[in-house]
Amino acid sequence: MLATRSLRASGCRSPAVTQPRLALGRGRLEIVCASNAKFFVGGNWKCNGSVASVRKLVDELNSGSVPRGVDIVCAPPFIYIDYVMQHLDKDKYQLAAQNCWIGGNGAYTGEVSAEQLQDFGLPWVILGHSERRSLCGETNQVVAKKTAHALDVGLGVIACVGETLDQRNSGAMFQVLDGQMQALVDEVKDWSKVVIAYEPVWAIGTGVVATPEQAQEVHAYLRRFCQSKLGTSVADQLRIIYGGSVNDANCKELSVQEDIDGFLVGGASLKGSAFVTICNSAGPKAK
Ligand code: PEP
């Protein structure tokens, strides 16, 4: 499938990665090129770790050499955020929460609001992860409303979408993705602080990574969806990152795909050196 990103003279990254090419698109000749958005790597630590292991991971990350031109965002469990915020090198890494409440502060026992994350100094939150959709019953509408609220408060949102294996095998994949994306389109007004994480459920935590072709196909599809709903400018700028069994061995062949703007990493983000290698897979896509 062809990506639909348009070439803008000032917008493309270095010529090494943004070789413009000509493509036939909807009856006319289009120039398409790789993203002009900054490469983004998120580390989703999930419900893992202990005081000792978090300290070790922070030390490993701090000693790693990562490119300056990549947004690198670590998402520890809530309980360790304070420690990580105090000790992780801020020049290299930003922080995200793994979830937040759908609205503001109040009588919502066990929840943490976007307002509190913002107040505490967190710039990002992950929303709509498939584990929250399947284990906590978060619907497309809930994820979209959470996303809109977090954005209103000023957070950046890593919004996750993706199909199960049954949905892919039954031919419902694009319909499922459309539903997840349309809910976001219906609620989100400003897309400048949204990162879309395409995470096929069958690839999360399984060791079965999507092939570069499978990932690129869906990323290009999602970008075209956004282009048709939100316009070329938003679609061009939108970062669409891939998640699902990314590790230090497979990241490079994925990162060179035209519409892959980074990664959301689970298991491998718990190993400092592997995560640093993944961050460096941006190569010339690092701005
Ligand atoms: C994730 O949980 O977002 C994820 C991609 O996990 P893993 O890398 O372990 O598949």
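Refer to the preceding data block for the structure.
This report concerns the structure included in the present document.

Parameters at a glance
Residues numbered from 1 in each chain as written. Predicted model: local features only at pLDDT ≥ 70, side-chain atom pairs only at ≥ 80, totals over all residues. Heavy atoms only, no water. Near = heavy atom within 4 Å. Polar contact = N/O pair within 3.5 Å; in protein donor to acceptor, adjacent residues only side chain to side chain. Areas by Shrake-Rupley, 256 points an atom, 1.4 Å probe, with all protein chains shown as cover. 1 Å grid on protein atoms, 1.4 Å probe; cavity = no way out; pocket = protein on both sides within 12 Å on 5 of 7 lines; lining within 4 Å. Sits in = over half its atoms within 2 Å of the grid points. Nonpolar A, V, L, I, M, F, W, Y, C, P; charged D, E, K, R; others polar. Buried < 20%, exposed > 50% of the residue type's maximum accessible area, 1.4 Å probe, protein only. Helix = DSSP H or I, 4+ residues; strand = E, 2+ residues; numbered from the N terminus. Pairing = 2+ DSSP bridges. Axes fitted to C-alpha atoms, helices over the stretch in contact; angles between N-to-C directions. Contact = heavy atoms within 4.5 Å. Phe/Tyr/Trp six-rings, centres within 6.5 Å; stacked < 30°, edge-to-face > 60°.

**Thoughts on the site of the ligand**
The local shell around the ligand holds 14 residues, among which Lys46, His129, Glu199, Gly205 and Ser245 are the closest. At 2.8 Å from an oxygen atom of the ligand is found a main-chain nitrogen or oxygen belonging to glycine 266. Burial of the ligand by the protein amounts to 95% of the accessible area it has alone, namely 300 Å². Cavity membership is defined here by more than half of the atoms lying within 2 Å of grid points; on that basis the ligand lies in the second largest pocket. Within the shell around the ligand, the residues separate by chemical class into 4 nonpolar, 8 polar and 2 charged.

**Considering the pairing of strand β8 (residues 194–198)**
Working note: regular strand, side chains alternate between the two faces of the sheet. By the criterion of burial, β8 is predominantly enclosed, with 5 of the 5 residues buried. Burial along β8 is two-sided: Val194, Ile196 and Tyr198 facing one way and Val195 and Ala197 facing the other are all buried. In terms of strand pairing, strand β7 (residues 156–161) meets β8 through 5 bridges, oriented parallel. Residue pairing in the sheet places alanine 159 in a bridge with isoleucine 196 of β8.

**Digging into the sheet that holds strand β10 (residues 262–265)**
Pairing is parallel around the closed barrel formed by 8 strands, whose spatial order is β3-β4-β5-β6-β7-β8-β9-β10. Strand-to-strand twist across the sheet, computed as the mean angle between neighbouring axes with direction ignored, equals 25°. Direction of pairing for strand β3 (residues 39–44) relative to strand β4 (residues 70–75): parallel, over a ladder of 6 bridges. Opposite phenylalanine 39, over in β4, you have valine 70 as the bridge partner. On the sheet, helix α11 (residues 272–280) packs against β3, β4 and β10 and is oriented at approximately 160° with respect to β3.

**Things to note about the packing of aromatic side chains**
In this structure the tally under the stated criterion is 5 aromatic pairs. Consider the rings of phenylalanine 39 and phenylalanine 263, whose centres lie 5.9 Å apart with planes at 85°: the pair is edge-to-face. Highlighted residues: phenylalanine 39 in strand β3 and phenylalanine 263 in strand β10, separated in sequence by 224 residues. On the accessibility criterion, phenylalanine 39 (0% relative accessible area) is buried. Residue phenylalanine 263 is classed as buried on the basis of its relative accessible area, which comes to 0%. Look at phenylalanine 40 and tryptophan 124: their rings are 5.0 Å apart centre to centre, the planes differ by 75°, and that puts the pair in the edge-to-face class. Of this pair, phenylalanine 40 sits in strand β3 while tryptophan 124 sits in strand β6 (residues 124–127), and the two are 84 residues apart along the sequence.

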